[in-house]
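Working through the structure, step by step
The lines below spell out each chain.
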Amino acid sequence: MNFLLPAWALALGITAWGSLQFRRQTQIRWIWRWLINALAGMGVLVAGLVLTGNDGKMATYGALVLVCATVEWLLQMRFRQRG
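Residues numbered from 1 in each chain as written. Predicted model: local features only at pLDDT ≥ 70, side-chain atom pairs only at ≥ 80, totals over all residues. Heavy atoms only, no water.

1. Remarks on the nonpolar core
Ala 7, Ile 14, Met 42, Val 44, Leu 45, Leu 64 and Cys 68 together form the largest nonpolar core, which totals seven residues. Breaking this core down by element, the ones donating at least two residues are helix 1 (5-22), helix 2 (30-52) and helix 3 (58-82). Among the elements that line this core, the one with the most residues is helix 2, at three residues. (Core = buried A, V, L, I, M, F, W, Y, C linked by side-chain atoms within 4.5 Å. Buried < 20%, exposed > 50% of the residue type's maximum accessible area, 1.4 Å probe, protein only. Helix = DSSP H or I, 4+ residues; strand = E, 2+ residues; numbered from the N terminus.)

2. Points about the side chain of Glu 72
With respect to the element layout, Glu 72 can be found in helix 3. Apart from the residues lying within four places of it in its own chain, the contact partners of Glu 72 are Ile 14, Thr 15, Gly 18, Arg 33 and Asn 37. (Contact = heavy atoms within 4.5 Å.)

3. Side note on the pattern of salt bridges
Counting across every chain of the model gives one salt bridge. Glu 72 is the salt-bridge partner of Arg 33, the closest N and O atoms lying 3.0 Å from each other. Pair noted here: Arg 33 is in helix 2 and Glu 72 is in helix 3, with a separation of 39 residues, a long-range link. We note that Arg 33, like Glu 72, is buried. (Salt bridge = Lys/Arg side-chain N within 4 Å of Asp/Glu carboxyl O.)

4. Let's talk about the environment of Thr 60
Turning to its location among the elements, Thr 60 is positioned in helix 3. Excluding its chain neighbours within four sequence positions, the residues that come into contact with Thr 60 are Val 44, Leu 45 and Gly 48.

5. Some remarks on a nonpolar patch on the surface
On the surface, Leu 12, Trp 30, Ile 31, Trp 32, Leu 35 and Leu 39 cluster together to form a nonpolar patch covering roughly 600 Å² of accessible area. Among the elements that take part in the nonpolar patch, helix 2 stands out by supplying five residues, more than any other. Among the secondary structure elements, Leu 35 is positioned in helix 2. Judged by its relative accessible area of 32%, Leu 35 falls in the partly exposed class. (Patch = residues over 30% accessible without salt bridge, like charges linked within 9 Å, V, L, I, M, F, W, Y side chains within 5 Å. Areas by Shrake-Rupley, 256 points an atom, 1.4 Å probe, with all protein chains shown as cover.)

Put into structure tokens, the structure is as follows:
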């Protein structure tokens, strides 16, 4: 639970920020955007554990922030262009 909590919390924060930042309702609901961000974040945490051998490295957390923010941005831009 403690291993995956940063990914879930960051995904929730990024999704909420994306909803407020763009102020445009996308075609995908926020719960699905949160789930996509959380899955991407969990993948980053597992990859960081495999590559470094330790969990909780700052490089892994930096990658977590970059990946979650990029995924949310891509989701917002994709549906913004279509809508």
